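The residues making up each chain are set out below.
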Amino acid sequence: MTDQAQTPSPQSRSLAMNGFDWKRLSRHGGLIALALLLLINILITPNFLQLQTLFVNISQVATIAIVAVGMTLVIATAGIDLSVGAVMAVAGALAPLIFLSDFAQANPSLGLALSIAVPILVALVCGLFNGVLVAYLGVQPIIATLIFFISGRGIAQVLTNGNLQTFSHPGFSYIGTGKILGLPFQGWLVLVIAVVFWWVVNRTMFGRRILAVGGNEKAARLTGTPVRRVKIGVYVISAGLSGIAGLIVVAINSASDAARIGNLMELDAIAAAVVGGTLLMGGKAPIFGAILGAIIIQLVKYTLLANGVADEVALIAKAGIIVLAVYVQQGRKE
Amino acid sequence: MLDTNAFDLRKYLQGNGQSVGVWIALVAMILFGALRYDNFTGAYNISSFLNYNSMFIAISLGMCFVIMTGGIDLSVGSVVAFTSVCVAYLSPYGIQVALPGGILAGMAIGALNAFFVIKMRIPPFIATLATMLGAKGGALVISGRQTISVDWGSNFTKFGMGNVGGLLPWSIIVVMVLAVGLWVVLEKTSIGRTVEAIGGGEDATRMMGLPVDRAKAFVYILSGGCAGLAGVILASGFGAGQPLEGVGWELSAIASVVVGGTLLTGGLGSVPATVAGALLLGLVFNILNFENGRGVISFSAYWQMVVRGMFLFVVILLQSRFSRAAAKQGA
Amino acid sequence: MQPLLRMQGINKSFAGVVALSSAGLEIAAGEVHALIGQNGAGKSTLIKILTGVYRKDSGDIEFEGAPLNAQSPREAQDNGIATIYQELSLVPLRSVTENVIMGYEPRTRFGFIDWKAAHDRTREILSGFGIDIDVTRPLGSYSTAIQQLTAIARAVSLNARLVIMDEPTSSLDDREVETLFGVVRGLKARGVSVIYVSHFLDELFHICDRATIMRDGQTVAVREIASTTKLGLIADMLGRDPEEIAAAGMTDLGGGKGEAGELLLDARNLSTRRMLRDVSVSVRKGEIVGLGGLLGSGRTEAARAIFGLDRLSAGTVSTHRTPAGFSDPAEAIRGGVGFLTEDRKAEGIVPEMSVRENMTLALLPALAGKFSLDRAREEEIVKKFVDALGIKLASIEQPIRELSGGNQQKVLLARWLALEPDLLILDEPTRGVDVGAKFEIQSIIREYVEKGVGVLLISSEFEELVEGADRIVVLQDGVSVTELRNPGITEEKLIGAIAQSHEGAEA
């Protein structure tokens with residue numbers, strides 16, 4: 001018994017057209033939401049149309065966007081990575097420990113290089129751990145990444161003894177506060193990361209295989225796809241990008257608080273990916289959609305904060321957006 | 001074909017595997033503690049251990065039911081915090097109002113989860129992640145980010161601090177009654193059978209004409225209610241509603257359920273083994289605390305989270321080894 | 001006489017696509033009634049409307065003289081209509097008894113489930129079917145046949161007046177089919193009606209009284225089984241003239257028997273932990289070798305083992321390029337082997353991906369450049385195969401899920417042909433595709449064989465094996481027992497070899 005949509009007929013083609021229109025509509029949905037948000041802000045938020053506002057938002061959105069790109073890849077394999085925020089905390093806690101160490105004070109440039117490379121490396125190892133659990137032990141992604149979701153932040157706090165580390169290190173802070181052509185450094189970084197991963201998804205074998213694994217794992221395996229390597233790959237990428245995001249947060253604040261870096265980032269990233277059109281059951285990886293999603297999430301946050309709404313209410317609003325976005329996505333599927 | 005695997009896994013886990021393993025581990029740890037530490041079997045330690053862990057047993061029981069349907073409830077930790085604040089406000093009216101009030105508050109959030117999952121068809125982990133945020137936000141809003149002191153004049157704190165015979169706290173008695181009730185529900189009623197059937201195959205269960213949606217609503221509301229009960233115990237035992245408590249508790253609950261032998265993919269579950277799993281995890285912390293007291297290790301509060309994660313990791317490793325061994329047997 | 005069920009003028013469309021147009025079905029009490037038609041003819045839609053899974057757009061349903069409009073499977077069940085679905089709708093982890101009584105448990109005075117009564121009742125029903133098993137064990141520990149019969153036992157225990165069986169025999173062996181037939185006759189004797197949906201037309205002549213034939217969402221004919229023929233039914237299903245079909249032959253696989261050349265595959269004494277005990281098979285260049293046997297004889301498992309999907313516990317696989325066999329599909333693909341799976345939906349298509357992406361999935365390593373895939377070459381290859389295989393589509397960027405079963409199958413076939421393989425393993429290459437596509441797929445296979453490709457063919461359709469294969473290796477219970485050679489193979493000979501006893505095979 002086959003379902004009726006498979007019958008080759010003029011109608012089925014019109015169905016295809018329908019599906020396409022839907023998709024276009026929902027892609028526009030994201031843009032419409034963005035336009036509405038901008039409009040509302042222009043009308044009600046004081047000083048919204050100022051360069052400073054743009055910079056603040058770019059530097060805030062960068063971390064969400066970077067993590068969302070990794071999350072998009074993981075979700076595309078029908079997985080999920082709840083550990084992104086915790087991995088950010090680990091990376092963010094490590095960096096000051098390194099560049100504030102005696103060794104780094106003695107060798108400033110090597111110290112700076114290490115304080116960027118080592119945290120990212122550690123993040124990659126966390127991703128490898130997640131990936132191996134998922135790919136080789138067959139642990140459900142939610143559970144596998146839940147381990148770091150909780151214990152990762154604990155590790156970060158153990159590393160720093162729960163202390164807030166403040167510092168003044170212009171070299172390192174460039175990651176968070178530097179500008180290129182007048183725009184924040186991390187804005188450019190997001191752009192580079194997005195373009196690179198868009199290329200990976202749409203133009204490379206690895207990207208195609210990510211989508212195949214998420215779209216139909218058995219079929220992927222039968223066509224010679226190294227399913228396990230692909231899965232490990234996306235978790236490693238996701239963790240690596242989270243590590244970078246952790247460094248940015250620390251650099252922006254010139255302070256590292258293991259309890260707060262990347263707190264609830266997994267939600268922002270999942271929301272951004274879903275708002276951007278990533279299907280939770282896998283097989284789709286719209287990288288620029290995720291960036292758009294991140295911008296929307298950030299703007300909502302900004303709108304609420306700039307208009308004096310309390311942090312905790314913003315939490316509730318974000319929960320609402322996530323539910324709504326997934327709901328809309330479910331509706332489109334049917 | 002696959003079914004033979006599933007069957008052998010069940011036999012392995014229930015017959016001679018994990019379920020028995022968890023009881024053996026429990027007994028072994030109690031023996032270890034009793035022999036190594038002077039005050040381990042003292043009334044104070046037993047009573048405070050049971051009091052504290054009654055909260056974890058409660059949320060693990062709810063989680064066990066949710067996981068049996070193939071779902072997950074990540075909101076329990078936030079719900080505990082939320083209800084602890086709610087009941088702190090209710091405490092002047094006494095425990096007879098605060099206890100049902102707290103449970104109802106938890107059930108309300110559970111109902112929201114159920115609505116998201118069943119009616120809006122949002123995957124459970126997203127839905128409950130969202131309510132996790134929402135409940136956390138809610139707790140902070142109504143508490144004004146403060147811990148809310150309870151009314152010490154009413155009988156409210158008797159519940160969380162009082163005990164029977166200096167040994168059995170009221171909280172654990174209530175939770176054990178709940179556990180027995182849920183065990184009966186699971187084994188003896190059709191809603192319980194439906195819950196387990198859903199985990200074995202939701203579509204099949206629906207095709208058989210079983211009330212799938214009702215059973216799913218039941219488990220999420222139950223889980224919320226259990227978290228609500230834990231919230232009451234928290235507020236009454238510590239004398240305050242604590243909006244920032246409960247972080248990572250969902251992990252403890254999941255770990256307890258898994259160590260109790262419930263398949264994470266749903267289908268098989270055991271109420272007694274879940275209770276044992278929660279006690280086991282509690283004992284790990286209890287023993288670490290004793291070691292800490294002896295100065296053997298230095299155990300900062302931050303380690304708690306790390307230990308929870310490692311514990312879950314070990315359980316997962318064991319379970320995947322068990323399932324592999326079982327799969328081998330099945331072949 | 002008042003019929004038990006009368007469905008009239010049923011219309012249903014999905015998102016604008018018409019699935020049923022004025023379809024009807026009439027079942028008499030105590031009748032075994034076949035419902036047949038090609039894939040997509042609307043059988044399952046009609047049944048799902050009857051059982052409350054779908055809602056009809058319009059039309060009338062009358063059951064036992066009263067209008068019926070079931071809103072859920074439960075409601076249909078409560079009205080006396082039970083369904084045994086193709087994908088078994090049972091819960092394998094639960095006991096046999098639970099699967100029978102679930103949702104309708106007998107109660108003790110205290111409102112708890114009365115397990116003793118439940119077990120007794122289940123045992124009683126099953127022993128009525130001639131089955132004596134431990135009903136307290138999980139259903140999953142029993143064979144598919146037992147599971148199927150458990151589903152029927154459930155229907156009986158619910159006092160169903162109408163039992164719907166959807167492809168009930170598709171995974172049963174002959175003996176089990178006989179048991180099932182016995183149960184069906186038993187139901188009939190009790191006055192229960194049965195709607196019997198099956199692709200296996202031969203079966204219908206054993207147990208059915210009448211047949212309703214559907215085509216393109218419409219009911220096209222109702223026949224008395226006793227006064228029709230298999231050819232007649234096929235003609236109804238296809239909407240063609242019986243003589244025309246008879247003249248065309250049953251398959252399009254037969255044809256030039258090229259000289260068999262160099263040895264491509266030599267698999268010896270394969271066994272796996274699962275199903276295979278001792279299978280040997282070889283394929284030469286330009287040769288079609290069939291794997292014959294019943295479902296569960298180890299045909300698919302042998303193919304999987306050769307392709308490196310399942311690990312061998314004993315035996316050797318060597319191909320002309322790789323003497324050591326393959327440890328995973330990627331190696332097999334590099335070694336020039338392709339494997340068309342029997343389960344198109346579960347293991348074949350990636351539904352959200354385009355036709356282009358689906359077709360080149362196995363070819364990716366060959367298309368991968370230093371930094372990116374060679375898109376131009378990819379499109380060129382895809383277009384070439386779309387033309388050559390006559391794949392009907394709107395664009396190569398169309399998601400494959402929108403194609404018909406036959407066209408999907410052609411895309412998957414092209415996926416392997418594009419690799420220019422030496423050896424193709426084809427597992428049920430024409431299953432679930434309509435007759436037209438079937439002929440086309442068969443002639444494509446023949447064309448490639450003539451070019452020198454070796455084919456290992458698995459098919460449940462004896463005609464396909466008998467006419468297509470140069471040799472047929474016959475499997476029984478995971479052992480290759482004998483080999484037949486063409487010319488000279490007839491359906492009777494093949495069936496004889498498959499049915500042959502084990503002693504005969506070992507001699």
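Residues numbered from 1 in each chain as written. Chains lettered and ligands numbered in written order. Predicted model: local features only at pLDDT ≥ 70, side-chain atom pairs only at ≥ 80, totals over all residues.

**A few points about the overall build of chain B**
Of the regular secondary structure elements, chain B holds 14 helices and four strands. Across the 331 residues of chain B, 59% fall into the buried class. Pairs at least 24 apart in sequence give 79% of the contacts found in chain B among residues at least 6 apart. (Helix = DSSP H or I, 4+ residues; strand = E, 2+ residues; numbered from the N terminus. Buried ≥ 20, exposed ≤ 12 C-beta atoms within 10 Å, placed from the backbone. Contact = placed C-beta atoms within 7 Å.)

**Section: the UniProt feature "transmembrane region" (unreviewed entry) in chain B**
Residue and element names in this part refer to chain B. Following the UniProt record, the feature "transmembrane region" (unreviewed entry) maps to residues 20-37, 49-67, 97-118, 125-144, 164-186, 217-240, 271-289 and 301-318 here. What you have in residues 20-37 is 94% helix and 0% strand, and the ends, taken at the C-alpha atoms, are 26 Å apart. Spanning residues 97-118, this segment combines 100% helix with 0% strand, and its end C-alpha atoms are found 31 Å apart. (UniProt positions renumbered as here; feature names shortened; annotations may be inferred.)

**Topic: the domain arrangement of chain C**
Looking at the assigned domains, one finds that chain C contains domain 1 (5-247) and domain 2 (263-506). One C-alpha centre belongs to domain 1 of chain C, the other to domain 2 of chain C; they are set 32 Å apart. (Domains from an automatic or database assignment.)

**Here's the deal with the sheet that holds strand 15 (residues 337-340) of chain C**
All names here are of chain C. The mixed open sheet is built from six strands, whose spatial order is 15-16-17-13-18-19. The open sheet is flanked by strand 15 and strand 19 (479-485), the only strands paired with a single partner. Between one strand and the next, the sheet's axes are offset by a mean angle of 20 degrees, whatever the strand orientation. Examined bridge by bridge, strand 18 (residues 471-476) and strand 19 share six bridges and lie antiparallel to one another. Bridging from a neighbouring strand, Q476 pairs with V479 of strand 19. (Pairing = 2+ DSSP bridges. Axes fitted to C-alpha atoms, helices over the stretch in contact; angles between N-to-C directions.)

**Topic: the sheet that holds strand 14 (residues 314-319) of chain C**
All names here are of chain C. Taken in spatial order, the three strands line up as 12-11-14 in an open sheet, and their pairing is antiparallel. Two strands bound the open sheet, and with one partner strand each, they are strand 12 (279-284) and strand 14. Each strand of the sheet is rotated relative to its neighbour by a mean of 5 degrees, with strand direction disregarded. Inspection of the sheet shows strand 11 (residues 263-271) paired to strand 12 by five bridges, in the antiparallel sense. When the sheet's bridge partners are listed, D266 is paired in strand 12 with S282.

**Points about the pairing of strand 18 of chain C**
All names here are of chain C. Counting buried positions over the six residues of strand 18 gives five, a clear majority of the element. Bridging between strand 13 (residues 288-292) and strand 18 involves four bridges; their strand directions are parallel. Looking across to strand 18, one finds that G292 is bridged to V474. Counting the residues between successive antiparallel strands, the hairpin from strand 18 to strand 19 contains two residues, one of them, D477, with a positive phi of roughly 45 degrees.

**Section: the nonpolar core**
Among the nonpolar cores identified, the biggest contains 357 residues, and A68(A), V90(A), I322(A), I59(B), V163(C) and I425(C) are the most heavily contacted of them. Split by domain, the residues of this core number at least three in each of domain 1 (5-247) and domain 2 (263-506) of chain C. Sequence-distant contacts of A68(A), that is, excluding residues within four places in its chain, are made with A269(A), A272(A), A273(A), A290(A), G293(A) and A294(A). (Core = buried A, V, L, I, M, F, W, Y, C linked by C-beta atoms within 7 Å.)

**So, helix 10 (residues 299-306) of chain C**
Residue and element names in this part refer to chain C. Extensive coverage of helix 10 is indicated by the burial of eight of its eight residues. For helix 10, the full list of buried residues reads R299, T300, E301, A302, A303, R304, A305 and I306. Once helix 10 ends, the next one or two residues include G308, with phi positive near 85 degrees.

**Remarks on the environment of I296(A)**
Residue and element names in this part refer to chain A. Structurally, the position occupied by I296 is in helix 13 (residues 287-306). I296 sits 235 residues away from V61 along the chain, and the two C-alpha atoms are 9.1 Å apart. In this structure, I296 is in contact with G30, A33, L34, L37 and V275, ignoring residues within four places of it in sequence.

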